[in-house]
Every structure is written in structure tokens, then in C-alpha cells.
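Descriptive structure summary
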Amino acid sequence: MTNLDLTIAHLPHTLLRMRRTFTVDEANRMLPLVRRIVSDAVRDYWRWQDAVREFEVAALRSSPEKPDEIAERLQGEATRLAEEIDGYMGELSELGVLFKGFDTGLVDFPGEIEGRPVLLCWQLGEEDVRFWHEENAGFIGRQPLPGIQVS
């Protein structure tokens, strides 16, 4: 049986400094493409979750002597979706964007504020990049970008 676990590797923070850095304007110019990729990744992640759950139920009816057709189809679907999701993650990585979560479609753009490395933070549903946080602060440490009014 194929392992259906989907794992997303995160780059160590020390590698962030070696990666491309974005200005807020550059991140916002790239946002239409990033938004489309993240939307597809989040959509397919939830489809993958459903396919895995359905596969697990169908697999209970399956045996080596009598494979269940539905279980085999669902296993194939889950594997296909996992490969597509992996492709989306590769696209974001090639762009230099750090994907942080399927639940909110959270991404970070490595950047700088006042000469120090930070992460420019955006999540699916937001109009543009308006927040930042320290590399080790995470989402909970999000702050509005200087000069940006957030309602």
C-alpha cells in the first residue's frame, strides 16, 4: 500500500537569509500568482483529506485476495492529489515564498524592515500584504507594516 501521508518540509530559519528577499511592492506584485497557487493547494488539500478518509473506510473491505475497487480508486485519487499538492509547494518554493499552512493558506515572503530580516505575512482572503513578523515569532507575532492602516 502506498503511504498516503502528506508532509510539508519547512526550511530552517538559517536558510531564510540565503533566500531571495522581497520588498512589500514585489510581494504584492507577485500576489496574484501566489494567490492562485495557494487557492489550488488549499482546495486540493481538503479534497486529499476527504479521499484519504474515504480510502481508509473502503480499505477495511479490501484484502490481498479480494481487492476493493473503490479502495483502489480512492488510493489513486489520494496519491494524485498529494502529487499535485507537492507540485504547488514546489512552485511556491521556486518563487521564494514560504508556505505555512493549509488551514488558512498562510504564506511568508522573506523580507527586511530597517535592515533586519523579517517575514512579510499574507494569508488567503487578504487583499494584499499588510503584515510582517520576526522570523521566530510566527503568525501570532504579526504586526501591521509601517505606514499601513489595518481595519
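Summary of the structure given here. (Residues numbered from 1 in each chain as written. Predicted model: local features only at pLDDT ≥ 70, side-chain atom pairs only at ≥ 80, totals over all residues. Heavy atoms only, no water.)

1. Here's the deal with the overall build of the protein chain
Just so we agree on the cut-off: We count a stretch as a helix when DSSP gives it H or I for four or more residues in a row; a strand needs E for two or more, and each element gets its number in order from the N terminus. Type-normalised accessible area, obtained with a 1.4 Å probe on protein chains alone, sets the label of each residue: buried when under 20%, exposed when over 50%, and partly exposed for intermediate values. Every residue pair with non-hydrogen atoms within 4.5 Å of one another is taken to be in contact. Note that accessible areas follow from Shrake-Rupley with a 1.4 Å probe, and for residues the cover is restricted to the protein chains shown.
In terms of helices and strands, the protein chain carries 3 helices and 5 strands. Of the regular secondary structure in the protein chain, the N- to C-terminal order runs α-α-α-β-β-β-β-β. Within the protein chain, the fraction of its 151 residues that count as buried is 40%. By sequence separation, contacts in the protein chain at least 24 residues apart represent 51% of the contacts at least 6 residues apart. Entry remark: accessible area of the protein chain is about 9100 Å², with carbon and sulfur atoms responsible for 51%.

2. Notes on unusual backbone geometry
The phi angle at glutamate 114 is positive, at roughly 50 degrees, despite the residue not being glycine. As for its position among the elements, glutamate 114 is in the loop between β2 (106-113) and β3 (116-123). Note on glutamate 114: relative accessible area 75%, which makes it exposed.

3. Regarding the environment of proline 144
Within the element layout of this structure, proline 144 appears in strand β5 (residues 143-144). According to the relative accessible area criterion, proline 144 is partly exposed, its value standing at 41%. When the C-alpha atoms of proline 144 and leucine 120 are compared, they prove to be 9.8 Å apart, with 24 residues separating the residues in sequence.

4. Points about the environment of isoleucine 70
By secondary structure assignment, the location of isoleucine 70 is in helix α3 (residues 69-95). Through-space distance from the C-alpha of isoleucine 70 to that of phenylalanine 55 is 7.8 Å; in sequence the pair is 15 residues apart. If we skip the residues at most four places from it in the chain, isoleucine 70 touches Ala58 and Arg61.

5. Considering α3
What counts, and what does not: Here, expected helix span is obtained from the residue count minus one, scaled by 1.5 Å. For the purposes of these results, a polar contact is taken to be a pair of N or O atoms within 3.5 Å, where, inside protein, one atom must be able to donate a hydrogen and its partner to accept one; residues adjacent in sequence count only when each atom of the pair is a side-chain atom.
Counted at 1.5 Å a residue, the expected span for α3 with its 27 residues is 39 Å, and the 39 Å between its end C-alpha atoms agrees. Taken together, the buried positions of α3 are occupied by Ala71, Leu74, Gln75, Ala78, Leu81, Ala82, Ile85, Tyr88, Met89, Leu92 and Leu95. Looking at the buried positions of α3, the neighbouring elements they touch are α2 (24-59) and β1 (98-101). Regarding α3, its N-cap is aspartate 68, as a side-chain oxygen of that residue lies 2.9 Å from the backbone nitrogen of isoleucine 70 further along.

6. Comments concerning the pairing of strand β4 (residues 131-134)
The criterion, for reference: At least two bridges found by DSSP between two strands is the condition for calling them paired.
Relative to β4, β3 runs antiparallel, the two being bridged by 4 bridges. Looking at β4, one finds that leucine 120 is bridged to tryptophan 132. With 2 bridges connecting them, β4 and β5 associate as antiparallel partners. The residue bridging phenylalanine 131 from the neighbouring strand is proline 144, located in β5.

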